[in-house]
Amino acid sequence: MTELPARRLLLVHAHPDDESINNGATMARYAAEGALVTLVTCTLGEEGEVIPPGLAHLAPDREDRLGPHRAGELAAAMAELGVTDHRFLGGPGRFRDSGMMGVEQNERPGAFWNAPVDEAAPYLVEIVRETRPQVLVTYDPDGGYGHPDHIQAHRVAMRAADLAADPAYRPDLGPAHTIAKIYWNRVPRPFLEAAFARLRAEGSAFPAVADLSDVPGVVDEDRVTTEIAGDPAYAARKTAAMAAHATQVAVDGPFFALSNDLGQPILATEYYELVRGVSGAPAGERETDLFAGVSDR
Ligand SMILES: [Zn+2]
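Residues numbered from 1 in each chain as written. Predicted model: local features only at pLDDT ≥ 70, side-chain atom pairs only at ≥ 80, totals over all residues. Heavy atoms only, no water.

As annotated in an unreviewed UniProt entry, the protein carries the name 1D-myo-inositol 2-acetamido-2-deoxy-alpha-D-glucopyranoside deacetylase and comes from Streptomyces gulbargensis. Recorded in UniProt for the protein, the comment headed Sequence similarities (unreviewed entry) runs: "Belongs to the MshB deacetylase family." (UniProt positions renumbered as here; feature names shortened; annotations may be inferred.)

This is the structure:
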């Protein structure tokens, strides 16, 4: 095996754009610091709604070519973040976007939501054993907000972390590796309320403002263990990465909207809940580094 960087971060996401919205500043920081940042995206986001009218023909109910287009958007976003290792789970198109909860696309053969977890997890086990991350970032068990592909991404990520650590499981996928720390994406409610208050005060190009409940992973402050503070340079990269997902995201200054055209703040500071492993912060304080306390080099 070629020499790996000392610090290695793995992020597991459902669709292209989720990584930039949730973790763009974090990814930019660690990439700039020389860590290996590996993004695994589980679907191509084929069922997304298309914002620019000129690209509406790509939609699943028309030409159904949104998936490959979004792979291109993701590549452009990763260039903005300085991330060079991005992959699709099982290869591009192996698992298809399942659509929102309750739609008939949930049941389609090949839909990610329809795949048994133990059929999808081995693809991620192989990546874990190759890249040997100390840190894994994914969603909470609700996927942050209940989207089937986000819930499934959580299940597959957590399952793969367990399987990768078991030397008896599929030795053909590489030597066992235990991920030292696992985090779920979070947003502390008071921080989000303040960010929305700024949006309401300043106004944006979007005709209305989203609801706090539209934001995934919102929790009370005490659940948040880790804060990656918003360095302006990394926040700018995050904003550029989000804008690269042009079929899904419209950006106006420090604000953005999804296809519902409801304004939301771009969160320059990103928050996490450590759910496995030991905090590297003094008791009662938040970590400011996902790798805090990690000794494995
Ligand atoms: Zn998503």
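Having put the structure on the table, let's press on.
**Focus on the UniProt feature "binding site: Zn(2+)" (unreviewed entry) in the protein**
The UniProt entry lists His 15, Asp 18 and His 150 under the feature "binding site: Zn(2+)" (unreviewed entry), expressed in the numbering used here. A compact arrangement is adopted by the annotated residues: their sequence extent is 136 residues, whereas the largest C-alpha distance between any two is 9.4 Å. Note on placement: Asp 18 falls in helix H1 (residues 18-32). Among residues more than four places away in sequence, those in contact with Asp 18 are His 13, Asn 23, Tyr 139 and His 150. Only 2.8 Å separates the side chain of Asp 18 from the backbone nitrogen of His 15, close enough to count as a polar contact. If you trace the backbone, His 150 turns up in helix H4 (residues 148-164). The exposure class of His 150 is buried, given its relative accessible area of 2%. With near-sequence residues (within four places) excluded, His 150 lies in contact with Ala 14, His 15, Asp 18, Tyr 139, Gly 143 and Tyr 145. There is a polar contact of 3.2 Å between the side chain of His 150 and the side chain of Asp 18. (Helix = DSSP H or I, 4+ residues; strand = E, 2+ residues; numbered from the N terminus. Contact = heavy atoms within 4.5 Å. Polar contact = N/O pair within 3.5 Å; in protein donor to acceptor, adjacent residues only side chain to side chain. Buried < 20%, exposed > 50% of the residue type's maximum accessible area, 1.4 Å probe, protein only.)

**Points about the sheet that holds strand E6 (residues 208-209)**
The strands that make up a sheet pair up through hydrogen bonds in the backbone, lying either parallel or antiparallel. A sheet is described by the order of its strands in space; here four strands give the open sequence E6-E11-E10-E9, paired in mixed fashion. Of all strands in the sheet, those bounded by a partner on one side alone are E6 and strand E9 (250-252). Taken together, the three bridges between strand E10 (residues 255-257) and strand E11 (residues 262-265) define a ladder with antiparallel strand orientation. Bridge pairing links Phe 256 to Gln 264 in E11. (Pairing = 2+ DSSP bridges.)

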